[in-house]
Every structure is written in C-alpha cells, then in structure tokens.
Amino acid sequence: MATENKNLSVYDKSKIPNAKSLRFGIVVSEWNEAITEALFQGAYDALIDCGAQQENILRWSVPGSFELTFGCKKMLTTEQVDAVIAIGSVIRGETSHFDFVCSATAQGIKDLNIAYDVPVIFCVLTDDTLQQAQDRSGGKHGNKGTEAAIAAIQMAVLGG
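The structure presented is a predicted model; accordingly, all values stated were derived computationally and were not measured. (Residues numbered from 1 in each chain as written. Predicted model: local features only at pLDDT ≥ 70, side-chain atom pairs only at ≥ 80, totals over all residues. Heavy atoms only, no water.)

A. Molecular detail of the pairing of strand β3 (residues 83-91). Most of β3 is tucked away: eight of the nine residues are buried. The sheet contact formed by strand β1 (residues 24-29) and β3 spans five bridges and is parallel. Counterpart to I26 in the pairing with β3 is I85. The pairing of β3 with strand β4 (residues 120-127) spans eight bridges and is classified as parallel. Looking across to β4, one finds that I87 is bridged to C123. (Buried < 20%, exposed > 50% of the residue type's maximum accessible area, 1.4 Å probe, protein only. Helix = DSSP H or I, 4+ residues; strand = E, 2+ residues; numbered from the N terminus. Pairing = 2+ DSSP bridges.)

B. Layout of helix α2 (residues 68-78). Where α2 is concerned, the buried positions are L68, T69, G71, C72, M75 and L76. For α2, the buried positions fall inside an angular range of 165° around the axis, keeping them on one side. Lining the buried residues of α2 we find β1, β2 (57-62), β3, α3 (97-115) and β4. (Arc of directions from axis to C-beta. Contact = heavy atoms within 4.5 Å.)

C. The packing of aromatic side chains, seen in detail. Going through the model one piece at a time under the given rule, you end up with one aromatic pair. Residue placement shows R59 over the ring face of F40; its charged tip is 4.5 Å from the ring centre. (Phe/Tyr/Trp six-rings, centres within 6.5 Å; stacked < 30°, edge-to-face > 60°. Lys NZ or Arg CZ within 6 Å of the ring centre and 35° of its normal.)

D. Region of interest: the environment of C72. Tracing the chain through its elements places C72 in helix α2. Separated by 31 residues in sequence, C72 and Q41 place their C-alpha atoms 18 Å apart. When sequence neighbours within four positions are dropped, the list of residues in contact with C72 reads V27, V84, A86, I109, L112 and V120.

Written out as structure tokens, the structure reads:
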C-alpha cells in the first residue's frame, strides 16, 4: 500500500516555496462529504502554513467526483489561478460504478493537465472502505489534502 509507513501530512516547510504570491483554486466534491471536508481542511491549512493568503484561495463545490473535471475546467477558464486542487472521495460499493467513476475522474484530471498550462492536482481518494478513506483524510496515514496542497505549490512555481 502506497501510504504504508508514510504520513501524508508530513512536509519539510524549508523545502517548499513560499505561496504568498500564488492564487489557488480548490474544487471539492460534496459526495462523501465528511471525507472531502477533511481533505479540504488539510489542503487549506497547508496552503496557509506555506504562506498563501486566505483571499487567494478560491473554493468551489461540485456534486460528486465525476463532476470534478468540469468544475476544474470552469475554474481554469474563468479564474486567474496558479494551480487547482481537485478533491473527491470514491468508496467501492457493490457495483462496477466505482471503477467507471474513478477511471473517468482520473482521466479527466489528466486531460486538463495536458490541455491547460495551469496544474490540476489529483486529490481523489479511491478506497475500498470508509475506514481507508478516514485513514487518509486525517487519520493514521495523515491527510492527502495536505500532500495535494504541497504538490500544488510546487507545481504552481514550476509552471510560473
């Protein structure tokens, strides 16, 4: 498991560029809201900790993870942002719906990264169980939202 023996919330602030002059978009899925809100909080707190200004963090909500691609595309085309973080959580159920949503969402975010010169960070948990999602959204493995925020800062600087 990729997160085994790794805390997603740990970063060396001295190695992260200062985010004071950067503007971030965060698009958050409302599905599995307890998980996505925890991911959002992890991302938001890390951005602030690394110097981002509260007024330079723009948040939009979409109904589910499948809608993240469109939400991120709209943000890229209507807002002046240096990076976008796509936050979602898909938990395996009894049907193959999980596979289709996960695949389409990942491909959609990848396509945005190819089509636009602004990085879109994939912060979509694709877990088998609710417990796994909780473990990665502030639980025993830390918070994937924090990791996504650090990636957003690094990629925004790379792209700028």
